[in-house]
Amino acid sequence: MVSVKALGVRLYSQLRFGGVNTAISLGDRAVVSQSFNALGANRNADTAVVLLPAFTSIPNIVPPGVVGQVAREKGADFVRFFHPDLLDNAKNVTYDRMVQDATALINNLPHKKIVLAGSSFGAGMMPLVRNAVDAETPGKIVGMFGWMSVPPAALLDLFKKQDGWEDMQSGKSATLTVVSPTMPKPFIMSQRQLESVKASTQVPQAGKGVVMPFNGPALFFSGANDPVGKPEYTREMAYMQLGVTNYSHEVLECGHRIQPEQIARGLRKVLAQI
C-alpha cells in the first residue's frame, strides 16, 4: 500500500513534472517511481536509465536534471524512485531493504535493457542491485555509471570514526550518531542498520552460484578530495563486487560534489556503448 506521504510526493511530482507514476508493492511498503520520455508517453523504449538515489534523497520532488536530459537525447526512458521507508519509518531504512526496493522496481520494468546511474550511496549499492536483479533476470542490467560512490566499506569506515563507536560495539549504547562531512546534518543509526551495512560488505552471491562477472560498460567517477567516497573504495567495489578489472574509473579534481556537465559526459559515454 502506498502511504499518505508517498501519495503526496507522487501527486506533487505528477503535477510538477509529468511522466508516468507507478507503485510496486513489496508487502509492507510500496516503491513509487516516475518514468519519462518514451514510457512517459505510454510507449516502451528498449532501454531505461534507472537512477539509484543518494542516502535520504527523494529525486521525484526535483526536476529530472541532466540524467533525464541525456537519457532523452539517447532515446532511452528515464526512471527514478525513492525509498518509502525514508518517509514512513526511518528505523526500517536498512541496506538490504534499499537494495530490495531498487531490485523490485527494475524487475518490474518492461525494458529489455537497464542502465544504472547513481551518486554517493546509490552508486555504492550498484553492484549489489545488479547481482540481485541478475539472480532473477540475468543480463537485464547492461551498463552502469556511478559518481562519488560510497559503497558499504566506505560507510563502515565512516562509522568507525564516530565518537560513540566503541560504546555501540561494547553494548553501552544501542545507537550511533553519525556525523558525515558530506551530509548537512547527523543521522542516528541503530544496531540493526549497522548490521545490514556490515553484511553488505561481503562479496555477494547471486542465486545458487557465484556472481557472474559484469561485462557491460561500467564507468565510475571519484573525487580526489572526497572525504568519504575515496577513490580506493570505488576500485575495491568494482573489483570485488563486479568481478572485473577492466572497468573505467576517472579520478576528478574535486570533493564529494560533481558538476552536472561531468555527469552528462559520463552517462553519454556509457549509453554510447549500449
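Residues numbered from 1 in each chain as written. Predicted model: local features only at pLDDT ≥ 70, side-chain atom pairs only at ≥ 80, totals over all residues. Heavy atoms only, no water.

Visitor: Go over the overall build of the chain with me, naming the residues and quoting the values.
Guide: The helix and strand inventory of the chain stands at eleven helices and twelve strands. The C-alpha radius of gyration computed for the chain amounts to 18 Å, which stays within 12% of the reference 19 Å derived for 274 residues, consistent with globular compactness. Taking all 274 residues of the chain together, 53% fall into the buried category. A fraction of 74% describes how many contacts in the chain between residues 6 or more apart in sequence connect residues 24 or more apart. (Helix = DSSP H or I, 4+ residues; strand = E, 2+ residues; numbered from the N terminus. Rg over C-alpha atoms; globule rule 2.2 N^0.38 Å. Buried < 20%, exposed > 50% of the residue type's maximum accessible area, 1.4 Å probe, protein only. Contact = heavy atoms within 4.5 Å.)

Visitor: Can you tell me about the confidence of the model for the chain, naming the residues and giving the values?
Guide: Averaged over all residues, the pLDDT of the chain is 90; the fraction at 70 or higher stands at 91%. Counted against residues more than four places away or in other chains, residues 204-209, with its pLDDT under 50, gives ten contacts. (pLDDT = per-residue confidence, 0-100.)

Visitor: Residue-level account of the packing of aromatic side chains, with values.
Guide: Scanning the model with the defined rule gives seven aromatic pairs in all. Residues Y12 and F17 carry aromatic rings whose centres are separated by 6.3 Å and whose planes lie at 85 degrees to one another, so their mutual orientation is edge-to-face. For Y12, a relative accessible area of 40% corresponds to the partly exposed category. On the basis of relative accessibility, which here comes to 17%, the residue F17 falls in the buried class. (Phe/Tyr/Trp six-rings, centres within 6.5 Å; stacked < 30°, edge-to-face > 60°.)

Visitor: Help me get a handle on unusual backbone geometry, residues and values and all.
Guide: Its identity as a non-glycine residue notwithstanding, S120 has a phi of 55 degrees, on the positive side. Along the chain, the position of S120 falls in helix 5 (residues 120-124). Taking the relative accessible area as the measure of exposure, S120 reaches 14% and is therefore buried. In this structure, M148 takes a positive phi of about 55 degrees despite not being glycine. Within the secondary structure, M148 sits in the loop between strand 6 (141-147) and helix 7 (152-160). Taking the relative accessible area as the measure of exposure, M148 reaches 1% and is therefore buried.

Visitor: Can you lay out helix 11 (residues 260-271) for me, pointing to particular residues and giving the numbers?
Guide: Compared with an ideal rise of 1.5 Å per residue, which puts twelve residues at 16 Å, helix 11 spans 17 Å between its outermost C-alpha atoms and is within 8% of the ideal. Residues of helix 11 that are buried make contact with strand 3 (47-52), helix 2 (65-73), strand 5 (113-119), strand 6 and strand 11 (218-223). (Expected span 1.5 Å × (residues − 1).)

Visitor: An account of the pattern of salt bridges is needed here, citing residue identities and associated values.
Guide: Side-chain pairing between opposite charges can occur once the charged atoms of the two side chains come close. Inspection of the entire model under this criterion finds ten salt bridges. The closest approach of N and O atoms between R97 and D85, which form a salt bridge, is 2.8 Å. Linking R97 in helix 4 (residues 95-107) with D85 in helix 3 (residues 85-88), this pair joins segments that are twelve residues apart in sequence. In terms of burial, R97 and D85 fall into one category: buried. Notably, a salt bridge pairs R265 with E250, separated by 2.9 Å at the nearest N-O pair. Taken together, the positions of R265 in helix 11 and E250 in strand 12 (residues 248-252) put the pair 15 residues apart, joining distant regions of the chain. (Salt bridge = Lys/Arg side-chain N within 4 Å of Asp/Glu carboxyl O.)

Visitor: Outline the pairing of strand 8 (residues 187-190), supporting the account with residue identities and numerical values.
Guide: Along any regular strand, the residues point their side chains to alternate faces of the sheet. Burial along strand 8 is one-sided: F187 and M189 are buried, and none of I188 and S190, which face the opposite way, are. Here strand 7 (residues 175-178) pairs with strand 8 via four bridges, running antiparallel. Bridging from a neighbouring strand, T177 pairs with I188 of strand 8. (Pairing = 2+ DSSP bridges.)

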